[in-house]
Amino acid sequence: MKQIVLVVLAIFASQLMAQDGDADKGKALSATCVACHGADGNSVNPIWPTIAGQHPQYIERQLKLYKSGDRKNAVMMPMVMGLSEQDMTDLAAYFGQQEAKLLAADPAKIELGEAIYQGGIKDRNIPACIACHGPTGQGNPLSGYPVVANQHAAYSVEQLKLFKQGRVVPGKDDVNGKIMADIAKYMTQEEIEAVSSYMQGLQAAK
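Right, let's walk through the structure included here.

The rules behind these values
Residues numbered from 1 in each chain as written. Predicted model: local features only at pLDDT ≥ 70, side-chain atom pairs only at ≥ 80, totals over all residues. Heavy atoms only, no water. Buried < 20%, exposed > 50% of the residue type's maximum accessible area, 1.4 Å probe, protein only. Helix = DSSP H or I, 4+ residues; strand = E, 2+ residues; numbered from the N terminus. Arc of directions from axis to C-beta. Core = buried A, V, L, I, M, F, W, Y, C linked by side-chain atoms within 4.5 Å. Contact = heavy atoms within 4.5 Å. Salt bridge = Lys/Arg side-chain N within 4 Å of Asp/Glu carboxyl O. Axes fitted to C-alpha atoms, helices over the stretch in contact; angles between N-to-C directions. Parallel < 35°, antiparallel > 145°, perpendicular 65-115°, else oblique. Nonpolar A, V, L, I, M, F, W, Y, C, P; charged D, E, K, R; others polar. Left-handed = near helix turned anticlockwise from the far one by under 90°.

With that out of the way, let us pick up helix H7 (residues 110-119). Looking only at H7, the buried set comprises Gly-113, Ile-116 and Tyr-117. Within H7, the buried residues cover an arc of 95° as seen down the axis, which keeps them to one side. Immediately beyond the C-terminal end of H7, within one or two residues, lies Gly-120, with a positive phi of roughly 70°.

Below you can see the structure in the form of structure tokens.
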């Protein structure tokens, strides 16, 4: 019995290792990503997302969704068509190892943004963002919730607006898009901008 358990554990461990990406190979592949996301995943244009320090599982998942067409974006879809699954894993590993640059929130929007992020808006059934994305915006890789800390507010605003319009990101294991659509539809533009600004200024605890 003990030997069977050891064999099962060994197989499981080998499967996990096989899923690991090669960050060095990912760096080589990232040359086509630099124009929008920066050499280290920190985009200089706030309408494009910073992907430095994002959970590799999340990055890989989004790349697969773009390639399948389940997540639509006129820029990203052609960029991923030539990528293999291993390429996506390697790119995710590279960008996941990078460090997001610290950004700041708009002081005028902190009070409202913090109230929504930490407490939600009960009279409209808007849950606190902290429940899924954590107190410092680091998300939860096992549940598929992305890092939102230090993300450009302009990008987050645009994504929340798309969710408000009813965008759902379908996929085999992805219910998070539906969750966000159900939340964002109740938010005002002012609330979207405030919480996006607040998330931009979040920092991981040292």
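What follows deals with the nonpolar core. One finds Tyr-117, Met-187, Val-195 and Leu-202 to be the most contacted residues of the largest nonpolar core, which totals 19 residues. Counting residues per element, the ones that place at least two in this core are H7, helix H9 (153-164), helix H10 (176-184) and helix H11 (189-200). With four residues, H11 is the single largest residue contributor to this core. Beyond its immediate sequence surroundings of up to four residues, Leu-202 is in contact with Tyr-117, Pro-135, Thr-136, Gly-137, Ala-149 and Asn-150. Among the nonpolar cores identified, the runner-up in size contains 15 residues, and Tyr-66, Val-80, Leu-83 and Phe-95 belong to it.

Turning our eyes to something else, we now look at the pattern of salt bridges. Tallying each qualifying case throughout the model produces four salt bridges. Ionic pairing is found between Glu-193 and Lys-109, a salt bridge with its closest N-O pair at 3.9 Å. Highlighted residues: Glu-193 in helix H11 and Lys-109 in the loop between helix H6 (85-97) and H7, separated in sequence by 84 residues. Owing to a relative accessible area of 30%, Glu-193 belongs among the partly exposed residues under this scheme. Overall, the relative accessible area of 29% leaves Lys-109 in the partly exposed class. As a salt-bridge pair, Lys-178 and Asp-182 come within 3.1 Å of each other at their nearest N and O atoms. You can see Lys-178 and its partner Asp-182 sitting in helix H10, four residues apart, about one turn around the helix. Assessed through its relative accessible area of 44%, Lys-178 is described here as partly exposed.

At a closest axis distance of 7 Å, the pairing of H7 and H11 adopts a crossing angle of 85°. Regarding the angle of H7 to H11, the classification is roughly perpendicular. Between H7 and H11, the residues in contact are Ile-110, Leu-112, Gly-113, Glu-114, Ile-116, Tyr-117 and Gln-118 and Glu-190, Glu-191, Ala-194, Val-195, Tyr-198 and Met-199, respectively. Here the residues of the contact of H7 with H11 sort into eight nonpolar, two polar and three charged.

Packing of H9 against H11 leaves a shortest axis separation of 8 Å and a crossing angle of 140°. Here H11 runs oblique to H9, going by the angle between their axes. Remark: the crossing between H9 and H11 carries right-handed chirality. Contacts between H9 and H11 involve Ala-153, Ser-156, Val-157, Leu-160, Lys-161 and Lys-164 from the former and Gln-189, Ile-192, Glu-193, Val-195, Ser-196, Ser-197, Met-199 and Gln-200 from the latter.

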